[in-house]
Amino acid sequence: PSDQQATGDSWRKVDFNKVYKDIAGLLEDEDYDDGSYGPVFVRLAWHASGTFDTKTKTGGSNGATIRFHPEANHGANAGLDVARKRLEPLKKKYPNISYGDLYTLAGVVAVQELGGPTVRWRPGRSDDKSDQDCTPDGRLPDAAQGADHVRDIFYRMGFNDQEIAALVGAHALGRCHSSRSGFEGPWNASPTTFTNYFYTELLEDKWVPKKWNGPFQYVDKQSGQFMMLPADIAFKTDSQFRKHVEKYAADQDAFFADFSKAFAKLLELGVKFPADAPVYEFKTLE
Ligand code: CCH
C-alpha cells in the first residue's frame, strides 16, 4: 500500500476538516505507551520534514520518502513505522490525500489535541513513486551529540537558534524507547499533554548521568523517573540556546506562539505549494 500515490491536484477533493477529526480519533489508545499516539505522530511529522537541505533543496516532507527503504530504516527513524501503520486506514479512506500531507497533518492534529497551540497548515505535497529520492542517512540530529552538532543540523534546514530552541520544546511530549533509539524514559510526568515542561524540567531539576548499560543519558536526581538526552542538555549549557530556554520556561504563551511558527515552517520545508492552496487553522476539538 505504501507505493500508492497522490499527486498534482488530488488534494482538492479532500475534506481536511474531516481528516483532522479522523486523525484525532486515532490518538487515544490505552494500550499504547502513555495512552496516546500523539507524541509519535509529532515525531513522524518532524522526521518526514527535517531531512531538508537548503543548499541542494532536497529532502523535506514533499514526496514522503520516509515510508520507503532505505530512509524508513535509518537509525533515527526507528519506531516510526508504528505511526505510519496507525495512519494507513486514513490513506485508504481518503486516497486523494498524499502521504506527505497526511503525516504532516497528523503532527498538527497531535500538537493541537494534546493541548498545544494552533498550527497553520497547507495541503499540496505530492508523493514520490519510489525510493529514488530517499534522502541520505545522517540528516536528522544525533542525540548523543551537543550544541555544535544540533546547530549544524538545524542551520542546514534554515532555522536560527531561537527557532531551534522552540522546536525542541516538543520534548515535553512522549518518551524515549530503548527498543527504538536506545534511550529510555519520558521527559516529564505528563507526556501526553503539550506544555512548556521541557524547559522547566531542564532548568529546575538536577540532571545526573544514568547508571545503566545503555547509551549515555541523564536522569533527574530526585526521582530518577525523567530523562534528558545529551543533545537536550546542550540547551542548558549553551548560553545562546539557554536564553531562549529561560524565556520559554517562564512564559508558556511565548513558547506556544514561537513553537507554532517554527513547527509550521518545519512542515513546509522544501514544499512548493500551489498559489491557491488554502491555509488551514483547524479548530481544536477537545
Ligand atoms: Fe525528538 N527525539 N529530537 N524532537 N522527539 C525523540 C523522541 C521525540 C532528538 C532525539 C530524539 C525534536 C528534536 C530532537 C519528538 C519531537 C521532536 C527520541 C526518542 C530521540 C532520541 C525516540 C524513541 O526512542 O522513541 C534530537 C537529538 C533532537 C534535536 O537535536 C524536534 C525538533 C521535535 C518536534 C518538533 C517527540 C514528540 C518525541 C517522542 C516520540 C514518542 O514516541 O513518544
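Just so it is clear, the model here is predicted, and its values are computed rather than measured. (Residues numbered from 1 in each chain as written. Predicted model: local features only at pLDDT ≥ 70, side-chain atom pairs only at ≥ 80, totals over all residues. Heavy atoms only, no water.)

1. Some details on the site of the ligand
Okay, so step 1: Taken together, 24 residues are adjacent to the ligand, and His-171, Gly-174, Arg-175, His-177 and Ser-181 come closest.
Okay, so step 2: In this structure, a nitrogen atom belonging to the ligand sits 2.8 Å away from a side-chain N or O atom of His-171.
Okay, so step 3: Within the side chain of His-177, one N or O atom sits 2.6 Å away from an oxygen atom of the ligand.
Okay, so step 4: Those elements giving two or more residues to the shell around the ligand turn out to be helix H2 (38-49), helix H5 (147-157) and strand E1 (175-176).
Okay, so step 5: Among the residues forming the shell around the ligand, the class breakdown is 17 nonpolar, 4 polar and 3 charged. (Near = heavy atom within 4 Å. Polar contact = N/O pair within 3.5 Å; in protein donor to acceptor, adjacent residues only side chain to side chain. Helix = DSSP H or I, 4+ residues; strand = E, 2+ residues; numbered from the N terminus. Nonpolar A, V, L, I, M, F, W, Y, C, P; charged D, E, K, R; others polar.)

2. A look at the environment of Ala-275
Okay, so step 1: Along the chain, the position of Ala-275 falls in the segment after helix H10 (252-268).
Okay, so step 2: Along the chain, Ala-275 and Asp-152 lie 123 residues apart, while their C-alpha atoms are 32 Å from each other.

3. Looking at the coordination of the iron atom of the ligand
Okay, so step 1: The protein supplies the iron atom of the ligand with one donor atom, His-171 (NE2), which lies at 2.1 Å.
Okay, so step 2: With respect to the secondary-structure elements, His-171 resides in the loop between helix H6 (161-167) and E1. (Donors = N, O, S within 2.8 Å, 3.2 Å for Na, K, Ca; no water.)

4. A word on the packing of aromatic side chains
Okay, so step 1: Tallied over the full model, the rule gives 23 aromatic pairs.
Okay, so step 2: On the numbers, 5.1 Å between centres and 85° between planes, the contact of Phe-216 with Tyr-218 is edge-to-face.
Okay, so step 3: Plain terms: the ring middles of Tyr-248 and Phe-255 are 5.8 Å apart, the flat faces sit at 55° to each other, and that makes the pair tilted. The residues Tyr-248 and Phe-255 share a single accessibility class, namely buried.
Okay, so step 4: Taken together, the ring pairs connect Phe-194, Phe-198, Tyr-199, Tyr-248, Phe-255, Phe-256, Phe-259 and Phe-263 into an aromatic cluster.
Okay, so step 5: Across from the ring centre of Phe-241, 4.2 Å away, lies the NZ or CZ of Arg-151, which sits over that ring. (Phe/Tyr/Trp six-rings, centres within 6.5 Å; stacked < 30°, edge-to-face > 60°. Buried < 20%, exposed > 50% of the residue type's maximum accessible area, 1.4 Å probe, protein only. Lys NZ or Arg CZ within 6 Å of the ring centre and 35° of its normal.)

5. As for the domain arrangement of the protein
Okay, so step 1: As far as domains go, the protein holds domain 1 (10-139 + 261-268) and domain 2 (147-259).
Okay, so step 2: Spacing between the C-alpha centres of domain 1 and domain 2 amounts to 22 Å.
Okay, so step 3: Facing the 28 residues of domain 1 at the interface are 23 residues of domain 2.
Okay, so step 4: Of the roughly 2,200 Å² buried at the junction of domain 1 and domain 2 (both faces included), carbon and sulfur atoms supply 60%.
Okay, so step 5: The interface formed by domain 1 and domain 2 includes 2 salt bridges.
Okay, so step 6: Applying the counting criterion to the domain 1 and domain 2 interface returns 16 residue pairs in polar contact (both at pLDDT 80 or more).
Okay, so step 7: When contributions to the side of domain 1 that touches domain 2 are tallied by element, the ones reaching two or more residues are H2 and H10.
Okay, so step 8: Ranked by the residues each element gives to the side of domain 1 that touches domain 2, the list is headed by H10, at 5 residues.
Okay, so step 9: Split into classes, the residues belonging to the side of domain 1 that touches domain 2 amount to 14 nonpolar, 8 polar and 6 charged. (Domains from an automatic or database assignment. Contact = heavy atoms within 4.5 Å. Buried area = accessible area lost by both parts, 1.4 Å probe. Salt bridge = Lys/Arg side-chain N within 4 Å of Asp/Glu carboxyl O.)

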